[in-house]
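The chain contents come next:
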Amino acid sequence: MSRTRKESAHRMATAIASSEEWKSSTKRETLGALEQELAKLVATTHDGPEMEMARKEMGGFLNLFSRFLRAKTQIDWKSIQPLPEGAIKPYKQLAPVADDQVASMLSKLVVIKLNGGLGTSMGCKGPKSVIAVRNDLTFLDLTMQQIQQLNRTYNVDVPLVLMNSFNTDDDTQKLLKKYANVKVSVVSFCQSRYPRINKETLMPIGKDMSSNDLEAWYPPGHGNFYEAFANSGLLDKFLEQGKEFCFLSNIDNMGATVDLSILNFVMNPTDQQERPEFVMEVTDKTSRLFQNSEYSTQTILWANLGAIKRVISNNELDMEVIVNPKHLDRGLDVIQLETAAGAAIKNFKYSCGINVPRSRSLPVKKSSDLLLLMSNLYDIDSGSLTFHINKMHTILLMQPTGKLESRTWSDYETLRECLEAICKIYEEFLKKHNPGQPSITYDVSNLFDFIDKLTDLSCMVLNKDRTYMPHNKEWIKEKIFAMLKNQASVQ
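Residues numbered from 1 in each chain as written. Predicted model: local features only at pLDDT ≥ 70, side-chain atom pairs only at ≥ 80, totals over all residues. Heavy atoms only, no water.

### Thoughts on the overall build of the chain
For step 1, the next point in the chain: Each helix and strand counted, the chain has 13 helices and 21 strands in total.
For step 2, the next point in the chain: Within the chain, the fraction of its 491 residues that count as buried is 43%.
For step 3, the next point in the chain: In the chain, 71% of the contacts between residues at least 6 apart in sequence involve partners at least 24 apart.
For step 4, the next point in the chain: For the chain, the exposed surface amounts to about 26700 Å²; the carbon and sulfur share of it is 51%. (Helix = DSSP H or I, 4+ residues; strand = E, 2+ residues; numbered from the N terminus. Buried < 20%, exposed > 50% of the residue type's maximum accessible area, 1.4 Å probe, protein only. Contact = heavy atoms within 4.5 Å. Areas by Shrake-Rupley, 256 points an atom, 1.4 Å probe, with all protein chains shown as cover.)

### Focus on the sheet that holds strand 19 (residues 408–412)
Strand pairs in the sheet, formed through backbone hydrogen bonds, run parallel or antiparallel to each other.
For step 1, the next point in the chain: Overall, antiparallel pairing links the four strands, which are arranged 19-18-20-21 in an open sheet. The open sheet terminates on both sides in strands that have one partner only, identified here as strand 19 and strand 21 (468–471). Between one strand axis and the next, the sheet turns by 20 degrees as a mean value, whatever way the strands run.
For step 2, the next point in the chain: By the bridge criterion, four bridges tie strand 20 (residues 456–462) to strand 21 in an arrangement that is antiparallel. Along strand 21, the bridge assignment pairs Leu462 with Tyr468. (Pairing = 2+ DSSP bridges. Axes fitted to C-alpha atoms, helices over the stretch in contact; angles between N-to-C directions.)

### Regarding the side chain of Thr143
For step 1, the next point in the chain: Counting through the fold element by element, Thr143 comes out in helix 4 (residues 139–154).
For step 2, the next point in the chain: Taking the relative accessible area as the measure of exposure, Thr143 reaches 2% and is therefore buried.
For step 3, the next point in the chain: Here Phe139 takes part through its backbone oxygen, which lies 2.8 Å from a polar atom of the side chain of Thr143.
For step 4, the next point in the chain: Once residues within four sequence positions are removed from consideration, Thr143 is found in contact with Lys113, Leu160 and Ile251. (Polar contact = N/O pair within 3.5 Å; in protein donor to acceptor, adjacent residues only side chain to side chain.)

### Side note on the nonpolar core
For step 1, the next point in the chain: Within the largest apolar cluster, 45 residues are counted, with the highest numbers of intra-cluster contacts made by Leu106, Leu109 and Trp302.
For step 2, the next point in the chain: Here this core takes six residues from helix 4, the largest share from any one element.
For step 3, the next point in the chain: Formed by 31 residues, the second largest nonpolar core is a distinct cluster that contains Phe189, Tyr226, Ala307 and Ala344. (Core = buried A, V, L, I, M, F, W, Y, C linked by side-chain atoms within 4.5 Å.)

### Some remarks on the UniProt feature "binding site: UTP" (unreviewed entry) in the chain
For step 1, the next point in the chain: Annotation from UniProt places "binding site: UTP" (unreviewed entry) at Lys128, Gln191, Gly221, Asp252 and Lys365.
For step 2, the next point in the chain: Here Lys128 lies in the loop between strand 2 (109–115) and strand 3 (132–134).
For step 3, the next point in the chain: Here Asp252 falls in the buried class, since its relative accessible area comes to 4%.
For step 4, the next point in the chain: Excluding residues within four positions of it along the chain, Asp252 makes contact with Lys128, Phe139, Leu362, Pro363, Val364 and Lys365.
For step 5, the next point in the chain: Only 2.6 Å separates the side chain of Asp252 from the side chain of Lys128, close enough to count as a polar contact. (UniProt positions renumbered as here; feature names shortened; annotations may be inferred.)

### Points about the pairing of strand 13 (residues 322–327)
For step 1, the next point in the chain: Bridge count between strand 13 and strand 14 (residues 333–338): six bridges; the pairing is antiparallel. Looking across to strand 14, one finds that Lys326 is bridged to Val334.
For step 2, the next point in the chain: Connecting strand 13 to the antiparallel partner strand 14 that follows it, the hairpin turn spans five residues, and Gly331 within it adopts a positive phi of roughly 90 degrees.

### A closer look at the packing of helix 11 (residues 415–433) against helix 12 (residues 444–453)
For step 1, the next point in the chain: Across the interface, helix 11 lies against helix 12 with an axial gap of 11 Å and an inter-helix angle of 90 degrees. As far as their axial angle goes, helix 12 and helix 11 are roughly perpendicular. Every residue of helix 12 that contacts helix 11 at Ile422, Cys423, Ile425, Tyr426 and Phe429 is listed here: Asn446, Leu447, Phe450 and Ile451.
For step 2, the next point in the chain: Of the residues contributing to the contact of helix 11 with helix 12, the split by class is eight nonpolar, one polar and no charged. (Parallel < 35°, antiparallel > 145°, perpendicular 65-115°, else oblique. Nonpolar A, V, L, I, M, F, W, Y, C, P; charged D, E, K, R; others polar.)

### Some details on helix 4
For the α-helix, the turn length of 3.6 residues means that residues three or four positions removed from each other point alike.
For step 1, the next point in the chain: Spanning 16 residues, helix 4 covers 23 Å between terminal C-alpha atoms, matching the ideal 22 Å at 1.5 Å per step.
For step 2, the next point in the chain: Positive phi shows up at Asn155, right after helix 4, with a value of about 55 degrees. (Expected span 1.5 Å × (residues − 1).)

### Notes on the sheet that holds strand 8 (residues 197–198)
For step 1, the next point in the chain: Read from one edge of the open sheet, three strands run 8-14-13, paired in antiparallel fashion. Two strands close off the open sheet at either side, each with one partner strand: strand 8 and strand 13.

### A closer look at the UniProt feature "binding site: substrate" (unreviewed entry) in the chain
For step 1, the next point in the chain: What UniProt calls "binding site: substrate" (unreviewed entry) maps, in this numbering, to His222.
For step 2, the next point in the chain: Take His222: it is sitting in the loop between strand 9 (217–218) and helix 6 (225–231).
For step 3, the next point in the chain: The contact partners of His222, leaving out residues within four places of it in the chain, are Leu114, Met163, Thr299, Thr339, Ala340 and Ala341.

### Things to note about the pairing of strand 5 (residues 160–164)
For step 1, the next point in the chain: Buried residues dominate strand 5, accounting for five of its five residues.
For step 2, the next point in the chain: The side-chain alternation of strand 5 yields two buried faces, one formed by Leu160, Leu162 and Asn164 and the other by Val161 and Met163.
For step 3, the next point in the chain: As paired strands, strand 2 and strand 5 are joined by five bridges and run parallel to one another. Paired with Ile112 across the bridge in strand 5 is Val161.

Here it is in structure tokens:
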């Protein structure tokens, strides 16, 4: 390397070092200033338990803000590695559950539902959990029915824990009074209330923790569960009672029920397997028509309570910070620092994922999701929704000739109606080409010849995972043959 190039490289390295030192100095000053502002906020609370809780929450926010300052602004793609072999376990390969062990396993379980969301995205006021899903039963009603059925069936007392936000806590406490006669032990706690910070200054916009200025505060995402659960005292309480695992999911996910096969997997590992401290349920990532090998995650988690206690006590919880910008009605741009519960997987030992059926993921995020659950596609029993196998909505796609303009589509309430419609199409074809015959008969081979001569015939059938699966001519012919054979046997 020439002297000129060496000097140029040295100047560049010096400039970068100087820039990084300036950034580090600025971040230290910002962190120090924030710490002072948070101390001022804590001082606005009343002495005693209120101030102690405020101190814990502002300490949690300071930790989160510190991680935000340390976060890299660019992704090091070279550090991204494929999942190791065995990191995702197929649900179908889970060991069978011994009936005589179910009650013992359930006695060590706590069910936790995330109940911090509002129904504003669907035009409703108040907690999302009070939206009616079926027969005037709300998400909370159905959840209570699920747990009660579990407790009655196995003569156990699985507790239900609701993690509320400051937006939903008051309304939820009032609603819980109506469940006094339900065989479910229900407790709740409130997740942290963190200060929104000015996008430019990175300082809190709120000045008083006791004020009613709700715009100054926000619930920091479901990743806050671990710290809020520990701060509430419930974690220690359940550990003292001998509880070992918690099952965590959103209250609006009606597919996320206690699964005994997964419970058995986390409670009773095989000889070749360490007991996992954290399990995340994942599904095949699915487009409207086709599936690929990637995985999609919902917040459906199983975590060891003792391990949660360890990572909180040792300050080992490290989750990626999600920066959520907001524009307030008062015209101010702010940011919310949030975390996702699933991101904690790296902080626990022997963690893994389980590739579960998509039927375990029935989240209701918009009105169309709710309408689907309200429809006759689903049956309801003891709070659990199951897909009605006889109500498979089907879309028929047909192109009789090589001309694109001959393409047509039609939809049917059930697969059977679609198959009968295909037979009807052939019968109309025969009538058109045999106008003088009073009656027309045909056998299945004639029908299949007609189908084969069509340029294209396919259908898309709605599955229990709420996706449409495409099927070709051969599949359609198999289904028609089975239908006609069944009709003949009935006659």
